Amino acid sequence: MATSSFPIIGFAVGVEVFYGGEPYRIEAIKDLDSLYLVNQRTGKHVLTSPRDVEPSESAVYEDVRRISDAEAALALRRFPKLEPFIERECTAEDITNLGRELGLHRSQLYHLIRKVRGTSSPAAVIRGKRGTRPGTKRLDPRVEKIIVTQIKSAQRSGRTMNIDSIVGEIETDCVDAGLKPPAVKTVRRRIEEICRELPLRRKFGVRRARERTRALPGTIATSAPLAMVEVDHSPLDIFLVDSVDRKPIGRANLTLVSDTFSRAVLGFHLGLDAPGALPVALALTHAVMPKEEWLAERGLGDLEWPMCGIPRHLRVDRASEFRSPKFESSCGRWGIKVKLRKKKEDGGIGERIIGTIQNWASQEPGASGNDPKKLRGEQDRQEKAEMTLAEAECWLARQLMMKYHCKRHSNLGMSPNQAWRAWHLAEGEETLPVLVADKKNFLVSFLPSEARVINPDGISLFREKYFCSELRPYVKPGLKRKLHYDPRKLGLIYVDVGATKPIEVRYAELTKPCLPKFEEDERARKQRARYPDEFNRERRVALVKENRKARRASKKATRAARRKERLAQSAKLELQSEATTGQQGPTKGLPPIDYGDLPVISEGGPV
């Protein structure tokens, strides 16, 4: 069926229309609500309503939005000359005069008059473009079906199939069906129409290709700052160096907390530890607390970072650290409701801010780059790294405070800083964010925890002993209590004994250095590597074999000794029996007693 977006249909005898997807011609007009149609292919007659028919090429020619000004002016100049002949017949003299005025051949004039009678509008005399209309398909419908089937099969497979593979599948099916295979360009055009993500899968992967080619409608509606906050992780695209000898140590992981309403960054954590419960705890603590002290410690006291406060809702993805009962209960303790994103597009504001940060990072020395193919043959990017972890933290804070928070946001119409202040300082409705009075309590509630018994000599954790005098009233063997620890410094733990504040307990050996957990684990690993376990598998197997051999020898020697003892007892009894028999006289006809045989119990008689 020919399609057009122009809304005018001319209802006159002889006008071509479409009904039920088939081409028809108006044979007669019965009344205002009835048309008598005839099928141009089969000759079948149909009586229907004007509301059920659709325009055809004879009624509508072009989308008015695509008509040039010159074509529209030409149509407006021709229509007044042709309009009088809508109601009356035209003579040969009229055709000659019209041809002279419009510069058209008589056959063209008759064609235009028929179109004007069908649609009494200037649109009827607009010239149609030559050539094939966009969207017209010339292939055999059976070949089209094979192409669509193979493209949809490749789409459902979830694999990064290239164009050649799909063309090969289509070509094979066409040959088997006795059809002429389509050209590669034709298959490419069909892929662009049906599944645009297929060519992008090899470059971006299946998930990202789908995100780039599919519409993601919807918005996150929030009414105030801190009403909805997002937390997300990402490796920072910069290689860092250590602070001692300035050698590369890899890329840091960024955990970002962003406000959905104002698009402001509430806080972040930058560290070498993998995404998990600890980076989330540190980032949330940084987000809810005022930043003046934090900025002053890093020499950034001249910058302003007013964003802080406890959020009401926390939108996170389905990572394991966010789905744990520990995280949900810790958030609930502070009145924070956790909302898991059902799909990737259900959120994404924090991800877009991280994308902006990664663009900044790509302009700094030591940028990792995001395309390994472009980096082939180049100098290793790690050798160009210059910033330490502390310097990268200050760099990111400056970028956020001096650039991102001050730059106009396209969706807000103002900067995130202005949006934050405008809501909190609205005239007559001034308000301040809800703050946490005790920073340590907030942080401890999100730290990882273990259950341990408080023994008389203290608490054992990670191969170390912890003790302080405040634990003495709570010594009770067999009763485990929850304790929290900070993996960055294991020299201090927080024991929950039911009081308002947890008890801070340090190493029992106060002179022991306070090291992070990963360094303690690394020391233990190096010690195990340096002093391997001598009781290995070979020795364990050899020990078991020797024990089995020794047990068999012991068993054999014991049985031999006991048999020898029984024989000695038997011989002694025999000698005693002979001595007794010699005093009473010889007993004739009795066989010697064999004490090695078992006694026989007779049936129904004495032994």
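Every value quoted in this text rests on a predicted model; they were computed, and no experiment measured them.

A. The packing of aromatic side chains, seen in detail. Scanning the model with the defined rule gives 10 aromatic pairs in all. With a centroid separation of 5.1 Å and an interplanar angle of 50°, the aromatic rings of F442 and F446 are classed as tilted. Within this pair, F442 and its partner F446 are both found in helix α16 (residues 439-446), separated by four residues, close to a single helical turn. Each member of the pair, F442 together with F446, is buried. Site record: aromatic cluster; members linked through ring pairs are F322, F327, W334, F442 and F446. Taking the ring centre of Y507 as reference, the NZ or CZ of K512 above it sits at 5.9 Å. Over the ring of F535 we find R540; its NZ or CZ atom is 6.0 Å from the centre of that ring.

B. The arrangement of the confidence of the model for the protein chain in detail. Averaged over the protein chain, the pLDDT score is 80; the fraction of residues at 70 or greater is 83%. Long-range and interchain partners of residues 1-7, a stretch whose pLDDT sits below 50, account for 14 contacts in this model, where long-range means more than four residues apart. A low-confidence stretch, residues 58-63 stays under pLDDT 50, and its non-local contacts, those more than four residues away or across chains, total 27 contacts.

C. The environment of I170, seen in detail. Checked against the element boundaries, I170 lands in helix α5 (residues 163-176). Those residues in contact with I170, other than ones at most four positions away along the chain, are I146, I147, Q150, P182 and V187.

D. A look at the packing of helix α4 (residues 141-157) against helix α6 (residues 184-194). Between α4 and α6, the shortest axis-to-axis distance is 10 Å and the interhelical angle comes to 60°. Considering their axes alone, α4 and α6 lie oblique with respect to each other. Every pair of crossing elements has a handedness; the one defined by α4 and α6 is right-handed. Where α4 abuts α6, its residues E144, I147, V148, I151 and K152 lie against R190, I191 and I194. Counted by class, the contact of α4 with α6 contains five nonpolar, no polar and three charged residues.

E. Just the sheet that holds strand β6 (residues 229-241), in detail. What the five strands build is an open sheet, ordered β8-β7-β6-β9-β10; its pairing is mixed. At either end of the open sheet lies a strand with only one pairing partner, and these are β8 (265-271) and β10 (337-340). Averaged over all pairs of adjacent strands, the angle between their axes in this sheet comes to 30°, without regard to strand direction. As judged from the two bridges shared by β6 and strand β9 (residues 313-316), these two strands associate in the parallel manner. Paired with V229 across the two strands is L314, which belongs to β9.

F. Layout of the sheet that holds strand β14 (residues 480-486). Taken together, the four strands give an open sheet; going across it, the order is β11-β14-β15-β16, and neighbouring strands pair in antiparallel fashion. Of all strands in the sheet, those with a lone pairing partner are β11 (449-453) and β16 (503-506), marking the two edges. Direction aside, the axes of adjacent strands within the sheet are offset by 40° on average. Relative to β16, strand β15 (residues 489-495) runs antiparallel, the two being bridged by four bridges. Bridge pairing links L492 to R506 in β16.

G. A look at the packing of α5 against α6. Running from amino to carboxyl end, α5 crosses α6 at an angle of 110°, the nearest separation of the two axes being 10 Å. Taken together, α5 and α6 sit at an angle that is classed as roughly perpendicular. Contacts between α5 and α6 pair I163, I166, V167 and I170 from the former with V184, V187, R188 and I191 from the latter. Considered class by class, the residues forming the contact of α5 with α6 number seven nonpolar, no polar and one charged.

H. Molecular detail of unusual backbone geometry. Of note, L226 is a non-glycine position whose phi angle comes to about 70°, a positive value. Along the chain, the position of L226 falls in the loop between α8 (206-213) and β6. Note on L226: relative accessible area 5%, which makes it buried. Positioned with a positive phi, R463 is a non-glycine residue whose angle comes to about 65°. Mapped onto the elements of the fold, R463 is located in the loop between β12 (459-461) and β13 (464-466).

What counts and how
- Residues numbered from 1 in each chain as written.
- Predicted model: local features only at pLDDT ≥ 70, side-chain atom pairs only at ≥ 80, totals over all residues.
- Heavy atoms only, no water.
- Phe/Tyr/Trp six-rings, centres within 6.5 Å; stacked < 30°, edge-to-face > 60°.
- Helix = DSSP H or I, 4+ residues; strand = E, 2+ residues; numbered from the N terminus.
- Buried < 20%, exposed > 50% of the residue type's maximum accessible area, 1.4 Å probe, protein only.
- Lys NZ or Arg CZ within 6 Å of the ring centre and 35° of its normal.
- pLDDT = per-residue confidence, 0-100.
- Contact = heavy atoms within 4.5 Å.
- Axes fitted to C-alpha atoms, helices over the stretch in contact; angles between N-to-C directions.
- Parallel < 35°, antiparallel > 145°, perpendicular 65-115°, else oblique.
- Left-handed = near helix turned anticlockwise from the far one by under 90°.
- Nonpolar A, V, L, I, M, F, W, Y, C, P; charged D, E, K, R; others polar.
- Pairing = 2+ DSSP bridges.

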